[in-house]
Every structure is written in structure tokens, then in C-alpha cells.
Amino acid sequence: MSKTPAVDIVQASQASITAILNKIESVVLGKPKECRLALACLLAQGHLLIEDLPGMGKTTLAHVLATTLGLSYQRTQFTNDLLPADVVGFSIFDNETNRFELHKGPIFNQVVLADEINRASPKTQSALLEAMAEQQVSIDGITHELPMPFFVIATQNPLFHAGTYPLPESQLDRFMMRLSLGFPDLKAEKQILLNTSQRTNQTSADSKGNSKADNEAVVAEAELIVMQDAVTQVSVSNDVLEYIIALSHVSRRAYNGHISPVNNTDEIASEISCKPLSPRASKALLQAAKAMAFIDNRDYVLPDDVQAVFYVVCQHRLEMQPNRQLDASQLESSSVARQILNSVDVLNPLGY
Amino acid sequence: MILFNNKTKKVSAGTVGSVNRHTNSKAKSNFYLSRKNAWLLWLCQCLNISVIALELSTWMLAIIALSLAWQALLLHQGRDTDNNRSKNKTATGHTHRNNSRQDHQHSYRQSIGQNTRKKKQQATNVSPIVLGIFALLGCVAIVITAKQVGILASMLHLLCFSYALKGFELRSRSDFYQLQLLGLFVLAASLIFRQDLAFSLITFALLVLNLAVLLQFFSFEKAFVTNIKVVIVLLGQSAILAIVLFLVFPRLSPFWQVPLAKSAETGLSDTVKLGDIANLTRSTKLAFRADFGQQKIPNYSQLYWRAMVLEEYDGRQWSRQHKSTRNKIAVAAKNFSFDNSATEISPLSYQVIVEPSFQKYLFALAPAVVTGDAKGIQAQADHTFNNSKIISQAKSYRLTSYLTAPLTLELTKQSRQLNLSYPQGSNPRLEQLALQLQHNYVDVQARAQAVLNIINKENYSYTLQPPLLDNNSLDQFFFDTQAGFCVHYASVFTFVMRASGIPARMVTGYLGGEYNGVTNTGDNTGQLANKGHLSIYQYDAHAWSEIWVEGKGWLRVDPTSAVDPERVNSGWSTQLLQQQSELNNDLFSLYRMKNIAWLNALRLQFDALDYQWTRWVIGFTSKQQYDLFKNWFGKMVSWKLALIIAVSLVISMSMLMLFLHLLNRSKTKPQSLTKWQILYQKSMAKLAKQGMDKPPSMTVNDFAKEVRQQCPELAIAFTRLSVSYNRLCYQMLSTNEQEKLTLSMQQQYQHFIQVLKK
């Protein structure tokens, strides 16, 4: 497609994007940045992992995302006795028709909220794998396509909580972003306390899948697909591509020659000990950056967009020891992702 | 859980680095060498010392070995503490986990930092007082022994001693540099003693290793092999400059004379006892080489390389004339030279390249005259040549020989007397034999032949292991043991001749030589064009006799030919070689080498290479340099020389720079900076002068924000500039739009400059 439609769509979508953001922010209070990132993730057709302590509004965010975008939505509470069939569905023999009939599991919704995903056994976790990567599931050897805009929004508790199974790297890699909401600030918390009665009402209503006036979709499904298309058309200049490449290369450098991590005089870069970023990771990074640019009403990506999403996209892929950290906002300054960002020159990325 | 633990370890190992960096930037004194680097450095030290080890005294070597071993021990202990450290760390890491993050990190770092520092000190630092005392003692020992071993050796001791001790106090980076420099110095010093190709190659390899260790200290690259590659590439690049410098840099005579070691004399000595040369022949070291150019190389049996004429015999040993008498003769024959105008024999011109022997004598096929540069070479009346200085470096000279021409035809009275004298009654049985011969054979040459016949007929044997003789008695050898080496036969022969009234003298030198090169005709002497040289080794050392025959002058008689003709005609017999290899007990002895064809070929190839090396690199003296210039630029004047040096240096430097520039250019971005990039860079530079630096990882927008905060007056202008830059850089624009935007950005830049000036 030519460039002009992309620009037009960007312009045209701004109203709805503002509307969506307003909606989300009215529910998830005091977290505009996280809201934008979450939206960007969905626009970039990536899956979202929200990690935080219980009671921080993970589910609320996931919920409001699904409803505002007008998608079919089902929540599954993951527990350690949850079986794969409980997620993807199963075939059962129907006496009347004398045929096996497929009982679709919750995964056949457009938005699947996998609540507390790390409480489920690895077997169940990996059942999500095929669905997330290929957008299809196999039940009894038959492959079923999943509905078109398909998101998995998963929430998880930090790893050191009791009874958690860490997500394997392969599965972490399939989540485009890992968000952490963090504690609300004073003002926001006050607001939350004031709204208590109303909020509980709403959530109870939500969980039944009810569509109250508040939870009405802001955009139609078709509009969402158009926006997703537009995101892929956001133009990326060579410089930004190189920037992304440079970032992933820095993460790989330590991996390629990792004989002794202790080498005092080396520059910061070589001391970053992390897992290397896969090409899928850099692809996700690019896609997320595009979505950020789209939300910012631009049809081209700036390094700023890359920086904005780098932490959430890459931190969970980089960490040697996942979930060591308690609080994202305090930690971001010292994280591996930040170190990598610091070691790459924005204006001349490959010149390190 | 195991997996988890592993991870913690890895992470903690990672933090060690950052901790170190942290402390490093804070306090310079806390210098840290990674374990691998420390070991490499240690290895380097060992190898550097080992190169020069032969020149050091045993006690010094022992001290150095001790200190190096100690260092290795400390390094080893260091590893244990390293392990402890990481264990400690994980423990602390767990306990601190519940603290708030910042606090946790802080205390964590601190504890580790202290931990490391303590351990480190304990591990690698010997108390400076102990070290100082040790160093002082060592210096005293060096001073005490200085008289015995000579200045050069004691200087060397000092150098190596400091090199070994410096390893104990690697506290700061400058210590590391010093150690590296000392290492290079040790390497250079080792070249004083040996310069042959093999040794130079070893030294070069060690140089590469040393530099690679230095590079390893700085590079990101963790694989040592890649660093070695880098160093080799770097050295290759600098080779251009080195070659130019080698060719054009004036060969200044050294500002100081390198004091020479006393004991390093090799080769023949001034005096010869029975059995002396037999010991020498165990050595497979090179004595000298001769290059005959295109001419036919004489037969083996004619290659009597004359080194010394020994005329004095005291019953035990042969020696050159006493100083006093020699001086007299030397004065008389001050300008002695062989008169080559009288002979019609075709001259044979050749070049001799002598290995450093730390003696004065040179080699020639008598009679010979020096051609070419005769500076420092004195011809003696007995047709030997002497160098005016001790030969401490490879030296080359050209000679022209008239092989079959007679030696001196006159014999002075004094000389006749000298060559007839022998201690009366020292070998009564031989004297008796001599008298008998004198009686039987009137003709001088027949008498000589008679002695040779006796040697030939009787059961004499030629051996490298002559039985020991009481008091060097010739009688005992000739009549009882009847087994000896060339010196034995030459001594006996000379003695008998003298006793029977014929002036005779002993000559020592080398016989033969190994031909190394390609002969076109395929015949072993090289009929037409040969491209090669003769290598004469120490085991070619030989002794023979000369007798005076009236009217014919001094005639060469080699009694060895009577006992072992093969030795004289084609070199060592296999039996002798076998003997030698047994005596040497050497795995790579000459005998074995010669038996294995490919090994021998390899040896010859290497020898040829070494010859070229000695000839062109070591032998590139100021004279050669001068000749080279003369060839290139005609007659030399000093200003011209200076000009040549300056110009060639400048040209080679600029060529090198250009080369490097081109090399680096292709590696960096091929496309040049665009207009807007230049504009933005300029404005950044302007801001940097104002104290606002953009960290490389900061994006343009963020920087604009910061500028807005720091200097609000610049904000609007700079933000506009930034926005234009961003659009130009990252937005897909048509060329038309691009031009427009670039123009407006230029205006914005002007505006920005104006605002900045206010």
C-alpha cells in the first residue's frame, strides 16, 4: 500500500485511540504509561503478560482492555490442577447425533485472560503455546483456527510467591510485553478508595460477562483490525532498524563470548550478563515501537518509541533470573534493559 | 532448584565485574586483573625469562624460578578466595532479599567490595617490606658477583630480577605497564646474544604473545586467540614502517659499548691440547658460512679453512707465538699481503659470514687476499686473518683465494728456529723414530710420506673418543693406544717432522663444509650456476700440519688423510656420526637427522633461510646501507642522506596513515553524513560547549526536553531543530519534502545560533 492511507488512518484513528485510552485510564487509575503500553501491545498484535502482586489491578486492566476493544472475552483462572483440555477444549461424544462434538474451551475467545498463569502446571502453560504462536489449536488431531484478533492476556504473581511455576523461557518469549503496574501514587489510591463501592459493583458485573453502559465497546472489531493493519504500515527508517539491531546485538555479545564475566576494564556493555535477544524479540520490539508511534499520532517510528517499549518488551527475555525484582518502577533504572539502552548510541547505533 | 542456584551464581559473577568497575572508577589504586589475564601475564614472564635463561647465572635463575613459582602459588590461592567470594555473595544476597531494593543493592555492593578488597590484598600482595628486603638482598648479591660475571651479565641479572619481582606488586595499572615494558626489554636483551633466524622467530612469537596479553587487558574480546590475531595484524601493518626504518634509518654507532660476556667464546681456541678438538666436534653449532656465488665450489678436500697457525710447542700443548715474538713479526709484516700479481692460478672469490665467536680469528682458504672492504681485518704473515675486534656480531668479508698457489716461499731464521724447536726428551720414542727416519729418508717429502705410511699401515684408528693420555704424551698415543683424533695425528706428525729436522707447524681451522643450495647441473659440486652456500659447523673443526720444503714453501700435510681418508675427502663417516650422536645423547642429533631424508631436507631449507637472514638482515651494516643509497640515488652527500631519510620517513608514514585510513573507512559507514546530521551535530557541539552534553543513549526528543529544562531561552529554537531533525531522519519523505525541510532546518539552525549568541 502507498503511504498516504497509513497517514490517514493514523489521523483518523486518533479520536478512537484517545477514547480508548480515556476509558482505560478511567478504570485503571493513575497508570497512564502502563495503559498506553498495554494498548500498544494489543495494537501490535502481541500477547500481554501482566506481572504484579495480587490486588494491584492486573485483572482489571486486562478486563477493561478486552471490553473497550469490543472483543469476546473469557477469563480462566489458572490453578495447579488445571488441565490443558480445560483451556483449549475437548471433543465429547454426542448420543443424539452419534458424533463427537467439539466443546470449545475458553481459548476460542478473542481475548483470553489467563489469570495467574504461573500457578498452572507447565503442561497447561504449554497448551497455550501453540495457540499464542500459531493462532490455532489442535484438539484430537484436528486443527482449529482461532478467532481473528486473538490476544492472550496473562497475569502472574511474582515468582517468589508460594505455589508458582516459572514460565519457561520459550513461553515468556511469546509474550510481546511484560507489564508491571506497581503501586498507585497517593492521588490515584485516594481515588480508588473513593470509588470502592462503584468499582466492586462493576467488577462483579464484568465477571458475568455483562455489558453495562460503562463497559461498552469504544471501537468496533473491524475498526480494531484496521488499526492493527495501520500499525504494521507505520514506516521505519533505516536508522531505527539499526538501532534495534544494535540493541539486540549488545545483548548477544555477552552470550557469544561468555567465558569469564569478570573483566574489569571492559566497558559497560560486556558486563551486561543477560540472555540474548532472539530475532523474534527484535521483531516484537519493532512491532511494539510501531504501535507506540501509532498511538502517538505518527506514521514513522522514532527511537523514542523503541526506548519507551524496550523495557517492557525485552526485560523478561533478558533476565537471567526472572522476577528477582520486586518493583518495576524503582528497578527500571538499574535493569539489564536499561543498561543495554545506555550502551547504544541513538544517533549512530552500529558504531559502537 | 539447582537451576536456580546456577543462575544466582552467574548473576553474582556478573556483579563482581560491576563491583570492580565501580571501585575502579572510585579509587584508582584498586587495580584488578582478571584471573585469566593474571595467568597469561605469568606465563609471559616465564617465557620471557626462559629465552634469556642461558645467559643468567644459576643462582639468579633459581631466585627467579622461586619468585615465579611463588607468584603462581599466590594466583592459585587467589582462585580459592574467588570461589569463596562468590559463595559469600549468594549467601548475603539471600539474606538481604527482604530489604528494600536500593538499600539491598547498596549494602550488597559494599559488603562485596570490602570482601574483595580484603581477600585480594591477602591473596596477591606480599608485604612491601619483605619484598623490599628481598630486592635489596638480590641487588647486593648482583653487585658482589658483578666482578666475576662481567658488567653485561650483572646488568642482565638486575633486569631479570626486577622483572621477576615486579610481578608481586601489581597494584595499579602503571605497575602492569611497567611489567609489560620490562618484559619487552628482556626480550630485546636476549637478542644481544643470539640473532639467528630461529631465535629471532622465537623472540618475535614472544613479542606477539606479550602484546596480546597487553591487548587482552583492554579489549572486549574474551577469546585470547582473536587478540593474538589482532596483534599480528597490527604488527603486520607496522611492518611497513619498520622496513622503511630498517632501510633508511642511519646506522649510528652505539652510544655505549655493550660490554661483552667473557665466557662465551666458541670455536677453536688459541691453544690446542690433544683431544681438544674432539670435544669441539660434538657441537653442531654453526661456525661460519661461505658463499661462492656463481663459481664452482672447490672439492671437499681442498676446503681447508685456515684459522690459526700454532707454532709453539711445549710438550703438552700447541699455542700461537708468544706475544713478544708475535709483535715483532707483526711489526715486520705489518702490511703483509699475499702477492697475487705473480700467480697465474685462477682466483676464487667468495664471501665469508662468521657467526659471533667472541674471538678474533677469521677463516680463509689460504693463500688469500681480502677484497672489498678490508677495514678491521688484518692479514698475518702465516696466511691467517684476524679481526681487530672481538667478533661479537655476525661479520662478513670477501676474500679471493689462489688455492694451489704456494704459501710463503721464504723462511726467516727466527721462524725456522721456532718451527724446529721442541722440548727435548719429552717424547723419547718418537724422537728416536724421527732420527731413524732422518737417516733413512733424505728427501723431505719422502720422509713425511714415510710417517704417513706408518700411520696408514699400522693399526691406527680415528675416533672421537680418544683414550686419555698421561701428561699428553705423544709417545703413548703413537705407540700404545693408537686411537686418536685429528689433533693427535697432526701433533705427532708435526713433532716427528720437527724432531727429524724439518720445520713444521700445526694449523687449526675447519675442513670442508656442508653445501646447501640448488645446483643446476645436478652434480654435487655445482658445475655451472650454483645458488647456495657452504655451512661450516663446529664439528667440522680440524687440525693439520704444514712442513717447510725448500723451494716449495710451506706445504700442507694432513695426517688424518692417512688414517681416515673419508674424513678428508667427503666429510664424516657414518661411524663417526654414530659416535657423535652417542656422545651427545641427543634425540635430534645430526646423525639421525641425516638419516631421515625429509628431516634433513627441512634442516637444509631452514639453514638456507637462516643464511639469507644473516646475510641481509643481520649483515645490513652502515656500509651496505650506504651502498644501497648509492645505487638508488647516486653519489651521497650528507645533506642528501638526511633528505632521503626525512622524505622516506614522511612518505612511509603518510602511506601508512592513508592505508589505515582507507582500511578503517571501509569498516565504518560507507555513506557520509547527511546535511541534517551535520547540522544537528554542529548544534550539539555548540550545546556541549555550554555544558549540555547529550549522552549517546539519549534520544533527540529527550535531549530537547532536557535542554528545555536547563536553558528555557534556547528551548523553542532547539526543539524546532530537533523536530525537523527527527522528521528528516526517521520519517519517509519525498525528496521534495526533504529539501524543503532541510532548508527550514537550516533556518532553524541559524535561529538557534542567534539565540545562543544572545
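Model, not experiment: these values are computed from the prediction.

Scoring rules and cut-offs
- Residues numbered from 1 in each chain as written.
- Chains lettered and ligands numbered in written order.
- Predicted model: local features only at pLDDT ≥ 70, side-chain atom pairs only at ≥ 80, totals over all residues.
- Heavy atoms only, no water.
- Helix = DSSP H or I, 4+ residues; strand = E, 2+ residues; numbered from the N terminus.
- Buried < 20%, exposed > 50% of the residue type's maximum accessible area, 1.4 Å probe, protein only.
- Contact = heavy atoms within 4.5 Å.
- Areas by Shrake-Rupley, 256 points an atom, 1.4 Å probe, with all protein chains shown as cover.
- Core = buried A, V, L, I, M, F, W, Y, C linked by side-chain atoms within 4.5 Å.
- Axes fitted to C-alpha atoms, helices over the stretch in contact; angles between N-to-C directions.
- Parallel < 35°, antiparallel > 145°, perpendicular 65-115°, else oblique.
- Left-handed = near helix turned anticlockwise from the far one by under 90°.
- Nonpolar A, V, L, I, M, F, W, Y, C, P; charged D, E, K, R; others polar.
- Patch = residues over 30% accessible without salt bridge, like charges linked within 9 Å, V, L, I, M, F, W, Y side chains within 5 Å.
- Salt bridge = Lys/Arg side-chain N within 4 Å of Asp/Glu carboxyl O.
- pLDDT = per-residue confidence, 0-100.
- Expected span 1.5 Å × (residues − 1).
- Phe/Tyr/Trp six-rings, centres within 6.5 Å; stacked < 30°, edge-to-face > 60°.
- Pairing = 2+ DSSP bridges.
- Lys, Arg positive; Asp, Glu negative; His and termini not counted.
- Charge placed at Lys NZ, Arg CZ, Asp CG, Glu CD.

## So, the overall build of chain B
Inference 1: On a plain count of helices and strands, chain B comes out with 27 helices and 18 strands.
Inference 2: Taken across its 758 residues, chain B has 46% of its residues classed as buried.
Inference 3: Sequence separation of at least 24 residues holds for 73% of the intrachain contacts in chain B that already meet a minimum separation of 6.
Inference 4: For chain B, the computed accessible surface area is about 39100 Å², with 59% contributed by carbon and sulfur atoms.

## Some points on the nonpolar core
Inference 1: Counting residues in each nonpolar core, the largest one holds 105 residues, and the members touching the most others are Leu-43, Leu-61, Met-177 and Val-309 of chain A.
Inference 2: Among the elements that line this core, the one with the most residues is helix H12 (residues 279–295) of chain A, at 11 residues.
Inference 3: Discounting chain neighbours no more than four positions away, the residues touching Leu-43 of chain A are Ile-17, Leu-224, Met-227, Gln-228, Val-231, Ala-291, Phe-294 and Ile-295 of chain A.
Inference 4: Counting residues in each nonpolar core, the second largest holds 80 residues, with Ala-290, Ile-391, Phe-495 and Ala-504 of chain B among its members.

## A word on the environment of Ala-44 of chain A
Inference 1: Mapped onto the secondary structure, Ala-44 of chain A falls in the loop between helix H2 (32–43) and strand S1 (47–51).
Inference 2: For the pair Ala-44 of chain A and Thr-232 of chain A, spaced 188 residues apart in sequence, the C-alpha separation works out to 7.6 Å.

## Description of the packing of helix H2 (residues 35–52) of chain B against helix H6 (residues 151–166) of chain B
Residue and element names in this part refer to chain B.
Inference 1: Two numbers describe how H2 lies on H6: the axes approach to 11 Å, and their chain directions differ by 165°. Taken together, the axes of H2 and H6 are roughly antiparallel relative to one another. Between H2 and H6 lies a crossing whose hand is left-handed. Within the contact between the two elements, H2 uses Cys-44, Gln-45, Asn-48, Ile-49 and Ile-52 and H6 uses Leu-156, Cys-160, Tyr-163 and Ala-164.
Inference 2: For the contact of H2 with H6, the class distribution of residues is seven nonpolar, two polar and no charged.

## Examining a nonpolar patch on the surface
All names here are of chain B.
Inference 1: The grouping of Val-637, Trp-639, Leu-643, Val-647, Ile-651 and Met-655 at the surface amounts to a nonpolar patch, some 590 Å² of accessible area in total.
Inference 2: By the element assignment, Leu-643 lies in helix H23 (residues 638–667).
Inference 3: On the accessibility criterion, Leu-643 (47% relative accessible area) is partly exposed.

## Description of the confidence of the model for chain B
Low-pLDDT stretches of the model should not have their predicted coordinates read in fine detail.
Residue and element names in this part refer to chain B.
Inference 1: For chain B, per-residue confidence averages 75 on the pLDDT scale, and 78% of positions sit at 70 or higher.
Inference 2: Within the model, the stretch residues 85–123 combines pLDDT values under 50 with 42 contacts to residues more than four positions away or in other chains.
Inference 3: Across residues 519–529, confidence stays below pLDDT 50; counting only partners more than four residues off in sequence or on other chains, it has 18 contacts.

## Concerning helix H22 (residues 622–633) of chain B
Inference 1: The end-to-end C-alpha distance of H22 of chain B, which contains 12 residues, comes to 16 Å, matching closely the 16 Å that a straight helix rising 1.5 Å per residue would cover.
Inference 2: Directly beyond the C-terminal end of H22 of chain B, a positive phi value near 80° is found at Gly-634 of chain B.

## Remarks on the side chain of Arg-505 of chain B
Inference 1: Locating Arg-505 of chain B in the fold gives a position in strand S14 (residues 504–511).
Inference 2: When residues no more than four places from it in sequence are discounted, the contact partners of Arg-505 of chain B are Arg-306, Val-309, Leu-310, Glu-311, Asp-382, Asn-419, Thr-494, Arg-498, Trp-544, Ser-545, Glu-546 and Trp-554 of chain B.

## Here we look at the packing of aromatic side chains
Residues and elements named next belong to chain B.
Inference 1: Counted under the stated rule, the structure contains 30 aromatic pairs over all chains.
Inference 2: When the centroid spacing of 6.3 Å and the interplanar angle of 50° are considered together, the rings of Phe-292 and Trp-305 count as tilted. Of this pair, Phe-292 sits in the loop between strand S2 (286–291) and strand S3 (304–310) while Trp-305 sits in strand S3; the two residues are 13 residues apart in sequence, bridging distant segments of the chain.
Inference 3: With 5.0 Å between their ring centres and 20° between their planes, Tyr-462 and Phe-485 make a pair best called stacked. Of this pair, Tyr-462 sits in strand S12 (residues 461–462) while Phe-485 sits in the loop between strand S13 (483–484) and helix H16 (486–499), placing them 23 residues apart in sequence. Neither Tyr-462 nor Phe-485 differs from the other in exposure class; each is buried.

## Regarding the sheet that holds S14 of chain B
Residue and element names in this part refer to chain B.
Inference 1: Taken in spatial order, the five strands of this open sheet run S7-S3-S14-S17-S18, and their pairing is antiparallel. Among the strands making up the open sheet, the edge pair consists of strand S7 (364–365) and strand S18 (553–557).
Inference 2: Packing against the sheet, helix H14 (residues 444–457) makes contact with strand S17 (541–549) and S18, and its axis sits at approximately 150° to S17.
Inference 3: Strands S14, S17 and S18 of the sheet are contacted by H16, whose axis makes an angle of about 15° with S17.

## Some remarks on a positive patch on the surface
Residues and elements named next belong to chain B.
Inference 1: Judged by side-chain charge, Lys-682, Lys-686, Lys-689 and Lys-757 come together as a positively charged surface patch.
Inference 2: Per element, the largest residue contribution to the positive patch is three residues, and it comes from helix H24 (residues 675–689).
Inference 3: Tracing the backbone through its elements, the reader meets Lys-686 in helix H24.
Inference 4: Taking relative accessible area as the criterion, Lys-686 reaches 30% and is therefore assigned partly exposed.

## Considerations on the pattern of salt bridges
Any two side chains of opposite charge can pair, so long as their charged atoms come close to each other.
Inference 1: Under the counting rule described, the total for this entry stands at 17 salt bridges over all chains.
Inference 2: Note that Arg-289 of chain B and Asp-607 of chain B form a salt bridge whose closest N and O atoms lie 3.1 Å from each other. Here Arg-289 of chain B is found in strand S2, whereas its partner Asp-607 of chain B is found in helix H21 (residues 597–618), with 318 residues between them in sequence.
Inference 3: Here Asp-607 of chain B falls in the buried class, since its relative accessible area comes to 8%.
Inference 4: The partner of Arg-306 of chain B in a salt bridge is Glu-546 of chain B, and the shortest N-O contact between them spans 2.4 Å. Of this pair, Arg-306 of chain B sits in strand S3 while Glu-546 of chain B sits in strand S17, and the two are 240 residues apart along the sequence. No difference in accessibility class separates Arg-306 of chain B from Glu-546 of chain B, as the two residues are buried.
Inference 5: Ionic contacts of the salt-bridge type, sharing partners, join the residues Arg-36, Asp-296, Arg-298 and Asp-305 of chain A into one network.

## A closer look at the sheet that holds strand S2 (residues 73–77) of chain A
All names here are of chain A.
Inference 1: Here we have five strands laid out as an open sheet, ordered S2-S5-S8-S1-S9, and parallel in their pairing. In the strand order of this sheet, the two ends are held by S2 and strand S9 (175–179), each with one partner. Adjacent strand axes in the sheet meet at a mean angle of 15°, parallel and antiparallel pairs treated alike.
Inference 2: Relative to strand S5 (residues 111–115), S2 runs parallel, the two sharing five bridges.

## So, the pairing of S9 of chain A
Residue and element names in this part refer to chain A.
Inference 1: With five of five residues buried, S9 lies mostly within the body of the structure.
Inference 2: Sheet topology note: the S1/S9 ladder contains four bridges and is parallel. Pairing of Ile-50 across the sheet is with Leu-179, part of S9.

## A short note on the pairing of S17 of chain B
Regular strands show a simple pattern: their side chains alternate between the two faces of the sheet.
Residues and elements named next belong to chain B.
Inference 1: Judged by how many residues are buried, S17 sits mostly within the fold: nine of nine residues are covered.
Inference 2: Covered by surrounding structure in S17 are Ala-541, Ala-543, Ser-545, Ile-547 and Val-549 together with His-542, Trp-544, Glu-546 and Trp-548, the residues of both alternating faces.
Inference 3: Bridge count between S14 and S17: seven bridges; the pairing is antiparallel. Its bridge partner lying in S17, Gly-509 is registered against His-542.

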